[in-house]
Amino acid sequence: MLKMKDGAEEKLRASLTEIPGISVESKAPSGELIVLVETADINGLHKQCLEIERMEGVLGVYPSYITTEDEAMAVEK
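Here the structure is a predicted model, which is why all the values come from computation and not from measurement.

Asker: Can you break down the overall build of the protein chain residue by residue, with the values?
Answerer: Counting its regular elements, the protein chain contains three helices and four strands. Mapped in sequence order, the helices and strands of the protein chain form the string β-α-β-β-α-β-α. By the burial criterion, 29% of the 77 residues in the protein chain qualify as buried. Counted over contacts in the protein chain with a minimum sequence separation of 6, partners at least 24 positions apart contribute 49%. Roughly 5700 Å² of accessible area belongs to the protein chain as shown, and the carbon and sulfur atoms make up 52% of that amount.

Okay, here's the thing in structure tokens:
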């Protein structure tokens with residue numbers, strides 16, 4: 001989830017779609033953007049979150065669900 005300043009949504013959506021592996025999925029009723037970040041590992045996720053946090057208009061990035069391929073495979077078995 002991405003919290004942002006008022007009036008920053010349009011510019012942030014455009015900037016986020018330019019980053020490989022990131023997509024804006026929706027907007028929560030409370031105003032935060034729901035962002036999907038796909039990376040190879042947790043270190044990549046951390047790096048992407050730091051990059052997003054530095055964008056103008058971002059107040060904070062709050063991961064709400066993290067899964068790995070290993071976890072997904074365990075569920076399928």
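Asker: Residue-level account of the confidence of the model for the protein chain, with values.
Answerer: Put simply, the protein chain has an average pLDDT of 88, and 88% of its residues get 70 or more. Across the protein chain, the secondary-structure element scoring lowest on mean pLDDT is helix 3 (residues 69–76), at 53, and the one scoring highest is strand 1 (residues 2–4), at 97.

Asker: Describe the nonpolar core, and please don't skip the residues or the numbers.
Answerer: Proteins that are soluble and globular tend to have nonpolar side chains buried together. Residues Leu-2, Leu-12, Leu-16, Leu-33, Ile-52 and Val-58 are the most contacted members of the largest nonpolar core, which totals 16 residues. Looking at this core, the elements with two or more residues in it are strand 1, helix 1 (9–17), strand 2 (22–27), strand 3 (33–37), helix 2 (42–53) and strand 4 (58–61). Tallying contributions element by element places helix 2 first for this core, with three residues. Apart from the residues lying within four places of it in its own chain, the contact partners of Leu-2 are Leu-12, Leu-16, Glu-32, Leu-33, Val-35, Ile-52, Val-58 and Gly-60.

Calculation rules
Residues numbered from 1 in each chain as written. Predicted model: local features only at pLDDT ≥ 70, side-chain atom pairs only at ≥ 80, totals over all residues. Heavy atoms only, no water. Helix = DSSP H or I, 4+ residues; strand = E, 2+ residues; numbered from the N terminus. Buried < 20%, exposed > 50% of the residue type's maximum accessible area, 1.4 Å probe, protein only. Contact = heavy atoms within 4.5 Å. Areas by Shrake-Rupley, 256 points an atom, 1.4 Å probe, with all protein chains shown as cover. pLDDT = per-residue confidence, 0-100. Core = buried A, V, L, I, M, F, W, Y, C linked by side-chain atoms within 4.5 Å.

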